[in-house]
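As a plain string of letters, each chain reads:
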Amino acid sequence: MYTLRPYQEDAISACLKSINPNSAQIAVLGTGAGKSIIIAEVIKRLSGKVLVLSRSKEITSQNAEKYQALTGERPSIFNAGLKQKCLKERAVFASVQSLYRLAEEDYPEFKLIIIDECHQAGLEAGTPETSQYNTVIRHAKRINHSVSSLGLTATPYRLKTGGEVMNWFIYGGKGCYWDDVCYSISESELTKMGYLAPLKYNTMLEPLFSGEGAKVNGNDITSSELSFICDDTTKVRSAIAHTELVASSREGGCILFCATREQTIMAEQQLKSDSKAVLLADTPAKHRDSILKRFKDGEIKYLINLAVLTTGFDAPNITTLSLMRPTASKALHEQIIGRGMRLAEGKTECLVLDFTDNAERLLDAAQLSDLHRNEMSEEDGGDEERKESEAIFCPTCHTQVSPRATMCTAYLKQEDGGYAFCKTPVNTISCPVCGTQNGKHDENCKECKTHLKKTEECSFCHAQTPAGSPYCTSCGLPPKLPVISLRSAVVKEKRYHSKNVFMVTPTYFLFGMKTWAFEFHFRWSGYHYKEVNSVGLKKFMLILAPVLKKVGISTEAQRLAFCGDDDGLRDLLKEHKKAICGAVKTLYVSFDRDPHGDGFTPFLQGLDILPVQRLQEIKQAA
């Protein structure tokens, strides 16, 4: 008879207490916690019919077999892949792909729906009503209006695009289907209890396959981006050589996670060992089952897979993982590294060879501190220095954050009972040009594209200034912009002496008629010239950047601009108008002579938000 672990008893009790009419609770159970055992015990102790939903026939079969072994009761299985479609017994184990096609009138009355790997269900607001999980739940609720839902997962977050935080928790927030977490235990806790093998993490100082800044769609990094990042023979050869060198001397199997079909083929070609196999999504079922059995039996040493073994695959003999797949999904990364944490006889750890930057981008600081790294040796105290340097805390909620995080992503319970992200900026550096806050590991400013780590020589004052900067941080002039002479501008615009001039500054600064504008007057060679410049707000701020920096209001102006506070920005500029007028000559590159000499004397007449109609009148009058 199986003896439940203490935490399993606690989890079962918490799940049973959370089951109320129309409730929707989640139990967060780390990899190896024994979800199938907990599912079996919850059903055994609960009166009424229970539906257990999963996405694959393997997980459906595994849960059903564990239920029968522990309870002695025969379950019903509804899965086309297993060639069974039965709803008769009290416990029904079904794949959502098969059950959602069942007509509503054929549904029995369920008291509880358990959704395994519920982070994959996609039940949040905005999901089509016709989706598989929504269809099953809708049909079940029409038969029993008070049916409850219980979700089980090790990773309660889901990737979303279009927001500041990409990996959103699936419970408690606005539009979430799940109300709250009724029980939680992490892989770290299970490892400390001795129920999981610890991970020994071996990363590269410079990742071969970096997902930093890659384009992301609703599911993950786009296929075209993955191809660009990963389909590189030299990088794959290096990763495979290192993997084979390390794994060949270790007992147990090694799983290699690839990102594209091309990369998978390269990996198979570069791997010299004959004890290898490849699994793809379109590998025939019988052939796949045969490969997995041989791998678990130790007949195959290296198993190269593409999007097949990321979730729900259990093989305790795994002692080495090789990661060549960058991802934007925190859930996917945690599921991948969890494949190697199952205990086996003689297994003391699982070595993770990470050739990506997934851990640094996706794991929080607490998770990172649990990973053993080889980037610095312990003999010279590097490990202690690393831990101390990575101990970064949010100034608002005091949660420890990742060294690569740019904002605190702590999911905090609010006074109204809901949840929300903290979103306090952390770990940032200010761009010396536009003042935008960037991550301290960013190479370029995300707003003005100035390089944050490289410098170049200004062609005017010869000082070092950030590479790619729109102006020199020393003299305030554009370091590499072409010189546009006033006479050339006048001829090009077919304007002559005493006429309005619109092309004094570099031409790409002058885009169309927008809502922001400033007007300059200057004298040159005895003649009076006027310039009206009308651009978009961000371009407007970049043009004024050297002036605002000299006046000392650059940071505040940028903050107001990027917050969209037009009135506040206008008031700030008016308040410092006199100082701005005195510094305005830094905007001019050259008019056939030194801009800081006496050849011309620019002065500012107006600097304001002008109506578009007024701008058009000015341009027409010119």
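Definitions and limits used
Residues numbered from 1 in each chain as written. Predicted model: local features only at pLDDT ≥ 70, side-chain atom pairs only at ≥ 80, totals over all residues. Heavy atoms only, no water. Helix = DSSP H or I, 4+ residues; strand = E, 2+ residues; numbered from the N terminus. Buried < 20%, exposed > 50% of the residue type's maximum accessible area, 1.4 Å probe, protein only. Polar contact = N/O pair within 3.5 Å; in protein donor to acceptor, adjacent residues only side chain to side chain. Contact = heavy atoms within 4.5 Å. Salt bridge = Lys/Arg side-chain N within 4 Å of Asp/Glu carboxyl O. Pairing = 2+ DSSP bridges. Axes fitted to C-alpha atoms, helices over the stretch in contact; angles between N-to-C directions. pLDDT = per-residue confidence, 0-100. Core = buried A, V, L, I, M, F, W, Y, C linked by side-chain atoms within 4.5 Å. Patch = residues over 30% accessible without salt bridge, like charges linked within 9 Å, V, L, I, M, F, W, Y side chains within 5 Å. Areas by Shrake-Rupley, 256 points an atom, 1.4 Å probe, with all protein chains shown as cover. Lys, Arg positive; Asp, Glu negative; His and termini not counted. Charge placed at Lys NZ, Arg CZ, Asp CG, Glu CD. Parallel < 35°, antiparallel > 145°, perpendicular 65-115°, else oblique. Left-handed = near helix turned anticlockwise from the far one by under 90°. Nonpolar A, V, L, I, M, F, W, Y, C, P; charged D, E, K, R; others polar.

**Quick notes on the side chain of T327**
And then number 1: As for its position among the elements, T327 is in the loop between β15 (318-323) and α11 (330-338).
And then number 2: On the accessibility criterion, T327 (1% relative accessible area) is buried.
And then number 3: One polar contact links T327 to D220, side chain to side chain, over a distance of 2.7 Å.
And then number 4: There is a polar contact of 3.0 Å between the side chain of T327 and the backbone nitrogen of S329.
And then number 5: Setting aside its immediate chain neighbours within four residues, T327 contacts D220, I221, L332, H333, N358, R361 and L362.

**Remarks on unusual backbone geometry**
And then number 1: Positive phi, normally seen in glycine, also occurs at N22, with a value near 65 degrees.
And then number 2: Among the structural elements, N22 can be located in the loop between α1 (6-18) and β1 (24-29).
And then number 3: In this structure N22 comes out as partly exposed when scored by relative accessible area, which is 42%.

**What to know about the environment of Q8**
And then number 1: Structurally, the position occupied by Q8 is in helix α1.
And then number 2: Judged by relative accessible area, which is 0%, Q8 ranks as buried.
And then number 3: With 27 residues separating them along the chain, Q8 and K35 place their C-alpha atoms 8.9 Å apart.
And then number 4: Not counting residues up to four positions away in its chain, the partners in contact with Q8 are Y2, A33, G34, I37 and I38.

**With respect to the pattern of salt bridges**
And then number 1: Inspection of every chain in the model, using the stated rule, returns 14 salt bridges.
And then number 2: Between E268 and K276 there is a salt bridge whose closest N-O contact spans 3.7 Å.
And then number 3: The residue R294 makes a salt bridge to E299 at a minimum N-O spacing of 3.7 Å.
And then number 4: Because the salt bridges share partners, they merge into one network encompassing E9, E41 and R45.

**Some remarks on the sheet that holds strand β7 (residues 148-153)**
And then number 1: Across the sheet, eight strands lie side by side as β4-β3-β5-β2-β6-β7-β1-β10; this open sheet has mixed pairing. Of all the strands in the sheet, just β4 (84-85) and β10 (180-185) have a single pairing partner and so form its edges.
And then number 2: Looking at chain direction, strand β3 (residues 76-79) and β4 are connected through two bridges and run antiparallel. In the strand pairing of β4, F78 is matched with K85.
And then number 3: Against the sheet, helix α3 (residues 57-71) touches β2 (50-54), β3, β5 (91-95) and β6 (112-116), its axis set at about 165 degrees to β5.
And then number 4: This element, helix α5 (residues 132-143), spans β2 and β6 of the sheet and lies at about 170 degrees to β6.

**Things to note about the confidence of the model for the chain**
And then number 1: Mean pLDDT over the chain works out to 76, with 71% of the residues at or above the 70 mark.
And then number 2: Contacts of residues 372-389 to residues separated by more than four positions or lying in other chains number 25 contacts, the stretch itself having pLDDT below 50.
And then number 3: Segment residues 588-616: pLDDT under 50, and 81 contacts once partners within four positions in sequence are set aside and those in other chains are kept.

**Examining the nonpolar core**
Generally speaking, nonpolar side chains in soluble globular proteins are found buried as a group.
And then number 1: Counting residues in each nonpolar core, the largest one holds 57 residues, and the members touching the most others are L29, I43, I114, I255, L303 and L309.
And then number 2: No other element matches helix α2 (residues 35-45), which puts six residues into this core.
And then number 3: When near neighbours in sequence (up to four residues on either side) are disregarded, L29 contacts A11, K35, I38, L152, T153, A154, Y183 and I185.
And then number 4: Within the second largest apolar cluster, 33 residues are counted, among which are V96, A121, Y133 and Y157.

**Looking at a negative patch on the surface**
And then number 1: A contiguous patch of negative charge, built from D565, D566, D571 and E575, is present on the exposed surface.
And then number 2: In this structure, E575 sits in helix α18 (residues 566-575).
And then number 3: Given the relative accessible area of 61%, E575 is considered exposed.

**Describing the packing of α1 against α2**
And then number 1: α2 packs onto α1 with a crossing angle of 50 degrees between their chain directions and a minimal axis gap of 10 Å. Looking at the two axes, α1 sits oblique to α2. When the axes of α1 and α2 are compared, the crossing they make is right-handed. Along the contact surface, α1 presents Q8, E9, A11, I12, C15 and L16, while α2 presents I37, I38, E41, V42 and R45.
And then number 2: Among the residues making up the contact of α1 with α2, the classes are represented as seven nonpolar, one polar and three charged.

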